[in-house]
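# Coordinates in review
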Amino acid sequence: MARRSAEALWSPEAHDALEGEAWSADRARDAIAAICRGAEAAFDPERLWPAHPLDGAVTPEESLTVYLGGAGMVWALDRLARAGVHAPERDWAAVAAELAARAGALPPSLLLGRSGILLVSWLLHPSSETADLLALEIAANVGNETNELLWGSPGTMLAAAAILERGGDERFAELWSRSAAQLLEARDPDGCWTQDMYGQTTRYFGAGHGFAANAMALLRRPELLEDAEALAAGVSRIVLDQAIGTHETVNWPPHAGGRLQVPGQAIRVQWCHGAPGIVASLAGANPGNDELTRILVAGGELTWRAGPLRKGAGLCHGTAGNGFAFLALLHRTGDERWLERARAFATHAAAQVRAGDGRHALWTGGIGAALLLERCLDGRWDGFPALDAW
């Protein structure tokens, strides 16, 4: 049961009305091609892609990463090529190998470190040498005190899962299990986690740094858990307890047990904090739990009513990331309205890219819109890009 609240569930000023153009598969393919052409044209072999001012001061090392840099862009362009919607003009596997060779100064994390860069290199050109290096990085990240996705072991658990899903050897199952045991041990008494990062301790609940992505990582390989059914039941209870809203629309607070409104900030309805990230992360959890389905659908309804994000088209805090929540609900419920809504957000995201800022980064830039457009062609859902879908 969601906690009822008299406070607003979203901030209208953070959202836009939907762009009015109807969905068209042909226009979607054209938009994907244009985004990919722009990305390839902006690439420089030495400097990679130019950092955007909205991404802050990106260091040379960070420019290699999955989240902000070259590895994420290379992976996305390769994935779109494998999906048959992009004809690459460059050998991206060779670029990925070069990025891996340059990544020595980074931490072992998935989205902001070496593990993600090595995983991309291995996916584009599997080799035992790259697998060996990746295993070392995952091992080094067991017990990371951040207890969250971007830096910590939940992210490197997803790297291990990606290798296992492609026939990787049993050491990756052992590394996943070691990471899972530590992560479960690190839980607070209420089943959430405390993060220690950036010089602060916090208890984030959303996907970006908090509970939702941790739970998703743990539930990714249930056969490796001692009691996956009990964990899924506990996750469902926490998601229900933390929801704020009505039977029709709910959102989740940025911090476990907190309020939706953080002083000085808009109420967030985006992948990293708020309903879209909860839905996308946990739509595959405990599928027989009708109460969980109901609350996730209410989160999707909130995301739809709030509308596309004014911040931009990206995955982390943009319209494309929110659109993936609708595809996750299509997969959980079979209700075709979620595909229609995903396509509406994808069309809007494409318009944002056309009118936008030339931002070339997987998690913050326009390539996320291309990934959503491709997935909306047939409504396929195999997970969130560069997390549980590689």
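Everything here concerns the structure above.
Thresholds applied
- Residues numbered from 1 in each chain as written.
- Predicted model: local features only at pLDDT ≥ 70, side-chain atom pairs only at ≥ 80, totals over all residues.
- Heavy atoms only, no water.
- Salt bridge = Lys/Arg side-chain N within 4 Å of Asp/Glu carboxyl O.
- Helix = DSSP H or I, 4+ residues; strand = E, 2+ residues; numbered from the N terminus.
- Buried < 20%, exposed > 50% of the residue type's maximum accessible area, 1.4 Å probe, protein only.
- Phe/Tyr/Trp six-rings, centres within 6.5 Å; stacked < 30°, edge-to-face > 60°.
- Lys NZ or Arg CZ within 6 Å of the ring centre and 35° of its normal.
- Expected span 1.5 Å × (residues − 1).
- Contact = heavy atoms within 4.5 Å.
- Axes fitted to C-alpha atoms, helices over the stretch in contact; angles between N-to-C directions.
- Parallel < 35°, antiparallel > 145°, perpendicular 65-115°, else oblique.
- Left-handed = near helix turned anticlockwise from the far one by under 90°.
- Nonpolar A, V, L, I, M, F, W, Y, C, P; charged D, E, K, R; others polar.
- Disulfide = S-S within 2.5 Å.

## Describing the pattern of salt bridges
As a working rule, side chains carrying opposite charge can pair if their charged atoms are close by. One pass over the full model with this rule turns up 27 salt bridges. In this structure, the salt-bridge partner of Arg237 is Asp241, at a minimum N-O distance of 3.6 Å. Taken together, the residues span about one helical turn, with Arg237 and Asp241 both in helix H9 (residues 228–242) at a distance of 4 residues. For Arg237, a relative accessible area of 44% corresponds to the partly exposed category. Notably, a salt bridge pairs Asp382 with Arg380, separated by 3.3 Å at the nearest N-O pair. Judged by its relative accessible area of 32%, Asp382 falls in the partly exposed class. Arg380 gets classed as partly exposed once you look at its relative accessible area, which sits at 29%.

## What about the packing of aromatic side chains?
Under the definition given, this model contains 16 aromatic pairs. On the basis of an interplanar angle of 70 degrees and a centroid distance of 5.5 Å, the ring pair of Trp75 and Trp390 is categorised as edge-to-face. Of this pair, Trp75 sits in helix H2 (residues 70–82) while Trp390 sits in the segment after helix H14 (367–376), placing them 315 residues apart in sequence. With respect to class, Trp75 is no different from Trp390; both count as buried. Here a set of aromatic residues connected by ring pairs shows up, and it is made of Tyr67, Trp271, Phe324, Trp363 and Phe384. Sitting over the face of the ring of Trp92, Arg90 holds its NZ or CZ atom 5.9 Å from the ring centroid. In this structure, Arg341 is placed above the aromatic ring of Trp338, and the distance from its NZ or CZ to the ring centre is 5.0 Å.

## Topic: helix H7 (residues 170–185)
For H7, which comprises 16 residues, the first-to-last C-alpha distance of 23 Å matches the rise-based estimate of 22 Å (1.5 Å per residue) to within 8%. Within the span of H7, buried status applies to Phe172, Ala173, Leu175, Trp176, Ser179, Ala180, Gln182 and Leu183. In the core, the buried residues of H7 are packed alongside helix H5 (128–140), helix H6 (153–164) and helix H8 (211–219).

## Points about the packing of helix H10 (residues 275–282) against helix H12 (residues 319–333)
In contact at an axis separation of 8 Å, H10 and H12 are set at 40 degrees when each is read in the N-to-C sense. Classed by the angle they form, the pair H10 and H12 counts as oblique. Crossing handedness for the pair H10 and H12: left-handed. Two secondary-structure elements touch here, H10 through Pro276, Val279, Ala280 and Leu282 and H12 through Asn322, Ala325, Ala328, Leu329 and Arg332. Classifying every residue of the contact of H10 with H12 by side-chain character gives 7 nonpolar, 1 polar and 1 charged.

## Quick word on unusual backbone geometry
Of all residues except glycine, most have a negative phi; of all peptide bonds, most are trans. The backbone of Asn147 sits at a positive phi, close to 50 degrees, despite the residue not being glycine. The buried category is assigned to Asn147, whose relative accessible area is 9%. Positive phi, normally seen in glycine, also occurs at Tyr198, with a value near 55 degrees. Within the fold, Tyr198 resides in the loop between strand S1 (195–197) and strand S2 (200–202).

## Remarks on the environment of Gln270
Along the polypeptide, Gln270 turns up in the loop between strand S4 (250–251) and H10. For Gln270, a relative accessible area of 3% translates into the label buried. Along the chain, Gln270 and Arg332 lie 62 residues apart, while their C-alpha atoms are 20 Å from each other.

## As for the side chain of Asn147
By the secondary structure assignment, Asn147 is in the loop between H5 and H6. With residues up to four places along the chain from it excluded, the contact list for Asn147 reads Gln182, Leu183, Ala186, Trp193, Thr194, Gln195, His209 and Asn214.

## Topic: the state of the cysteines
Counted under the stated rule, the structure contains 0 disulfides. Here Cys36 stays unpaired: no disulfide links it, and the sulfur of Cys376, its closest cysteine neighbor, is 15 Å away. Cys272 provides the cysteine sulfur closest to Cys316, a residue in no disulfide bond, and the two sulfurs are 3.9 Å apart. Note on Cys316: relative accessible area 5%, which makes it buried.

## With respect to H14
Judged by how many residues are buried, H14 sits mostly within the fold: 10 of 10 residues are covered. What H14 keeps buried is the set Ile367, Gly368, Ala369, Ala370, Leu371, Leu372, Leu373, Glu374, Arg375 and Cys376. Residues of H14 that are buried sit in contact with helix H1 (25–42), H2, H12 and helix H13 (337–354).

## Some words on the packing of H8 against H9
One can describe the packing of H8 onto H9 by two numbers: an axis separation of 11 Å at closest approach and a directional angle of 160 degrees. With respect to H9, the axis of H8 lies roughly antiparallel. For the pair H8 and H9, the sense of crossing is left-handed. Contact residues: Phe211, Ala215, Leu218 and Leu219 in H8; Ala228, Leu231, Ala232, Val235, Ile238 and Val239 in H9. The residue inventory of the contact of H8 with H9, partitioned by class, reads 10 nonpolar, no polar and no charged.

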